[in-house]
Amino acid sequence: MQEDFLHYIWQHQYFDKTDLQTDDGQPITVLHPGHRNPDAGPDFLQARLQLGEVEWSGAVEIHLRASDWHRHQHQTDPKYDQVVLHVVYASDVPVQRTNGSEIPVLALAARLPAGALAAYEQLRGQPPETLLPCAPLLPQVSELTRTMMLGRTLLERMEQKADRVTELHERLGQDWEATAWHALAAAFGFQKNAEPLARLAKALPLALLRRYRADARQLAALVFGQAGFLDEEALKEPLDEFSRDLQTEFGFLRHKHNLHGTALAAHEWNFLRLRPANFPTVRLIQLVALLHARPTLFDALLTARDGRALEQFFRAPLPDYWQNHTRPGRPGKVAELGRSSVHLLITNTVVPLRVAYARSVGNPEQVEAALSLLDQLPAERNHLTDAYEAAGFRHTCAADSQALLALHRDYCAPRRCVHCGIGASLLRPRS
């Protein structure tokens, strides 16, 4: 058993209150269980209890065993002097405040509802490799409960992504165009190369790239030079005439804009276990094409009417040389961004960017419009979404995929069942 189960039981008062009394025989009436404390200190604040004839207002601390009070050193922490009741599963020792006064203890071991405890033990008892711990119990959960929980996890996931965009926006001096550039650059790394691409964006500020946006040759020289793919010695293979021209151009631009010491090295990019279409150099080619073809980033992403318009935005034509080279000097076929890659960029970058902007200007309708883009995109297919779909969860669009991925990452994988609407419905005592 984990403490979160007792937190759930106490918060919702799902325990037998018949002849309720403390260890020392004082009758208890719970007038209000208090509010969960997300910060350091007691678990519940502003609780109201009647102990005997006296009404108390204060905090409630919850542990599995009363002796955990001493194990956590609460007897020496003044923050816990406001505790008026110690709620535990098993009472094994008395506990005191810093001044030595004893705190009443309420033991719940014999008062827990059998059905809730059995459901909790079944959820917690699933093997670690089990993706969905509640799968055997799902028939007991209504479709409405599942739908509401997926709506919640979708919002939580998009809020978390939007929070990261907002932090980036603050670091970049509240420049939305620069924010879009940094967010898109990292997203073009598609996980395995997100970190070096984010560093490349930092090494190539948008203000600098804008000066050369109209010249595809100079733009490619800056991007591939700063990425380390024009260093013939480091690459250990010869460059062709076009790439040497880029190398010369980069040398001039590096000196002109004092870019010395900011370039990445070729070995910092990840190629292992990637198909050629996903090589970081191919993503750089596609990113250069996008920067060259689109005068603005943020305004275009913000005002695109629908998913189809956004798909068109990302389909930037590749110059002739880059259609036949996977990196400077290396022949190979390269295509525009694939449809699935575009959908990932819309899901993981465009929607959070639009949500962050909508929040900054206080426009909830724009938040709804941003999230509605996910309804227009096809569902993402992977082993996680397949498992949830097989268990009966709805999975018809990208919004469902994002909700299921968030459900797994934030609730199922860490076994936070008592915090999940689905798990809570299973733990709720049945009449």
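This text goes with the structure placed above it.
Numbering of residues starts from 1 in every chain and runs along the sequence as written. For a predicted model such as this one, the threshold for reporting local features is a pLDDT of at least 70, and the threshold for listing and counting side-chain atom pairs is 80 or more; totals across whole chains, interfaces and linings nevertheless cover every residue. Side-chain numbers here rest on the full set of heavy atoms in the structure, without hydrogens or water.

Asks: Sorry if this is basic, but what is going on with the state of the cysteines here?
Replies: Disulfide: a covalent bond connecting the sulfur atoms of a pair of cysteines. Only a pair of cysteine sulfur atoms within 2.5 Å counts as a disulfide in this structure description. Summed over the entire model, instances satisfying the criterion amount to zero disulfides. Between Cys412, a free cysteine, and Cys134, which holds the nearest cysteine sulfur, the sulfur-to-sulfur gap is 5.8 Å. For Cys412, a relative accessible area of 6% gives the class buried. As a non-bridged cysteine, Cys420 has Cys412 as the owner of its nearest cysteine sulfur, 6.2 Å distant. Throughout, exposure labels follow a simple rule: accessible area from a 1.4 Å probe, protein chains only, divided by the maximum for the residue type, with under 20% read as buried, over 50% as exposed, and the rest as partly exposed.

Asks: I would appreciate a short explanation of the packing of helix α8 (residues 216-227) against helix α10 (residues 241-256) in the present structure.
Replies: A packed helix pair is summarised by two numbers, namely the angle formed by the two axes and the spacing between the axes. Geometry is summarised by axes, namely lines fitted to C-alpha atoms with helices restricted to the contacting stretch, and by angles between N-to-C directions that run from 0 to 180 degrees. A run of H or I in DSSP becomes a helix once it reaches four residues, and a run of E becomes a strand once it reaches two; helices and strands are each numbered from the N terminus. Put simply, α8 and α10 touch, their axes get as near as 8 Å, and they point 80° apart. When the interaxial angle is binned, α8 and α10 end up roughly perpendicular. In contact with Arg217, Gln218, Ala220, Ala221, Leu222, Gly225 and Gln226 of α8, α10 contributes Asp245, Leu246, Glu249, Phe250 and Leu253. Its residues placed into classes, the contact of α8 with α10 shows six nonpolar, three polar and three charged. In what follows, roughly perpendicular refers to angles from 65 to 115 degrees, roughly parallel to angles under 35, roughly antiparallel to angles over 145, and oblique to any angle outside these ranges. Residue contacts follow a heavy-atom distance rule, with two residues in contact if any of their heavy atoms lie within 4.5 Å. Residue type decides the class: Asp, Glu, Lys and Arg count as charged, Ala, Val, Leu, Ile, Met, Phe, Trp, Tyr, Cys and Pro as nonpolar, and the leftover types, Gly among them, as polar.

Asks: Any chance you could explain the packing of aromatic side chains here in plain terms?
Replies: Geometrically, a pair of aromatic rings is defined through the distance of the ring centres and the angle of the planes. In this scheme Phe, Tyr and Trp rings, the latter by its six-membered ring, pair at centre separations within 6.5 Å, and the angle between planes marks the pair as stacked below 30 degrees, edge-to-face above 60, and tilted otherwise. The tally for this structure, following the rule as stated, stands at 16 aromatic pairs. Site record: aromatic cluster; members linked through ring pairs are Phe224, Phe242, Tyr321 and Trp322. Distance and angle both matter: a charge sits over a ring if NZ of Lys or CZ of Arg is within 6 Å of the ring centre and within 35 degrees of the ring normal. Positioned above the aromatic ring of Phe15, the side-chain terminus of Lys17 is 4.6 Å from the ring centre. Note that Arg294 overlies the ring of Phe313, its terminal NZ or CZ placed 5.7 Å from the centroid.

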